[in-house]
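Chain and residue survey
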Amino acid sequence: VSVGADDGHPQPDWAVPLAHFVDQPADPGGFPAVGFETPVSVMYTSGTTGRPKGAVCTHGNLMWMAAIQAQRWKIDSSSVNHTAGPLFHAGGFEALLLPALTSHGTIVTSLSGGFTVEGFMAAARAHGSTNLLLYPGMVAELLTAPDPTALLPSTVKQILTGGDIVAPWMYVRLAEIFPDVRMDQSYG
């Protein structure tokens with residue numbers, strides 16, 4: 001099942017509107033029994049030492065990773081975690097969205113293609129996003145905008161980044177203009 005969310009873009013034909021699921025019974029039944037050792041996904045490595053390799057993740061792997069990240073970044077039911085990363089990638093799904101789901105927080109996804117800092121921040125403002133996943137190039141786009149303070153919502157507490165080098169100037173600039181927003185770099 002693919003779920004479509006309202007991010008201001010036209011929904012693809014294959015997406016099921018989120019409202020469809022909201023009206024469903026809390027326990028529709030018919031789901032297979034799963035355990036901590038049951039495989040749930042295959043994430044591909046970056047291939048730094050050769051070709052990318054499929055790493056099988058289990059329900060237990062993802063559950064513990066989400067619990068650890070939620071504890072480390074203080075993600076709870078009041079968190080609104082927002083990503084522009086693709087959901088097939090560990091950064092887009094596992095790093096910020098899964099910890100919000102396991103903490104009963106809210107998740108917001110924006111399309112990873114066609115990113116603009118103005119569009120993403122407008123969605124973040126509309127949803128009251130508290131934690132953002134932005135790749136370094138996206139962070140640079142925010143920090144070099146003519147007026148970054150007009151873009152970043154006041155609700156944002158954390159920017160999670162990774163997947164590329166974070167230049168030291170980004171940390172300095174972020175601290176200068178957004179002293180109450182921390183930027184954490186994640187890998188793996």
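Below you will find a few notes about this structure. Every value quoted in this text rests on a predicted model; they were computed, and no experiment measured them. The residue numbers shown here count from 1 along each chain, following its written sequence. Local features in this predicted model are restricted to residues whose pLDDT is 70 or higher, and side-chain atom pairs enter the listing and the counts only when it is 80 or higher, whereas totals over whole chains, interfaces and linings include all residues. Values reported for side chains reflect all heavy atoms of the structure, with hydrogen atoms and water molecules removed beforehand.

**Focus on the environment of valine 56**
Note the cut-off: Only runs of H or I of at least four residues qualify as helices and only runs of E of at least two qualify as strands under DSSP, and these elements are numbered from the N terminus. Three labels apply to residues, based on accessible area from a 1.4 Å probe with only protein chains included: buried if under 20% of the type maximum, exposed if over 50%, partly exposed otherwise in between. In this description, contact between two residues means that some pair of their heavy atoms is separated by no more than 4.5 Å.
Checked against the element boundaries, valine 56 lands in strand β4 (residues 54–58). Among the residues examined, valine 56 registers a relative accessible area of 54% and is labelled exposed. Along the chain, valine 56 and proline 39 lie 17 residues apart, while their C-alpha atoms are 6.5 Å from each other. The contacts of valine 56, once residues within four sequence positions are left out, are Pro39, Ser41, Val42 and Asn61.

**Observations concerning the packing of aromatic side chains**
Aromatic ring pairs: the centre-centre distance and the angle between the two ring planes describe each pair. What counts here: Side-chain rings of Phe, Tyr and Trp (the six-membered ring for Trp) are treated as a pair once their centres are within 6.5 Å; stacked means planes under 30 degrees apart, edge-to-face means over 60, and tilted covers the remaining angles.
Inspection of every chain in the model, using the stated rule, returns 1 aromatic pair. Where phenylalanine 115 meets phenylalanine 120, the ring centres are 5.7 Å apart and the plane angle is 45 degrees; that geometry is what we call tilted.

**Side note on a nonpolar patch on the surface**
Filter applied, for reference: Each patch is assembled from residues with relative accessible area greater than 30% and no salt bridge, linking like charges that lie within 9 Å and nonpolar side chains (Val, Leu, Ile, Met, Phe, Trp, Tyr) that lie within 5 Å. Accessibility throughout is a Shrake-Rupley quantity obtained with a 1.4 Å probe, and a residue counts as covered only by protein chains that appear here. We count a salt bridge whenever a side-chain nitrogen from Lys or Arg sits within 4 Å of a carboxyl oxygen from Asp or Glu.
A contiguous nonpolar surface patch, about 490 Å² in accessible area, is contributed by Phe36, Met63, Trp64 and Ile68. When you line up the elements, tryptophan 64 lands in helix α2 (residues 59–72). On the basis of relative accessibility, which here comes to 57%, the residue tryptophan 64 falls in the exposed class.

**Quick word on the pattern of salt bridges**
The tally for this structure, following the rule as stated, stands at 1 salt bridge. Between arginine 182 and aspartate 184 there is a salt bridge, with its nearest N and O atoms 2.9 Å apart. A relative accessible area of 34% means that arginine 182 is categorised as partly exposed.

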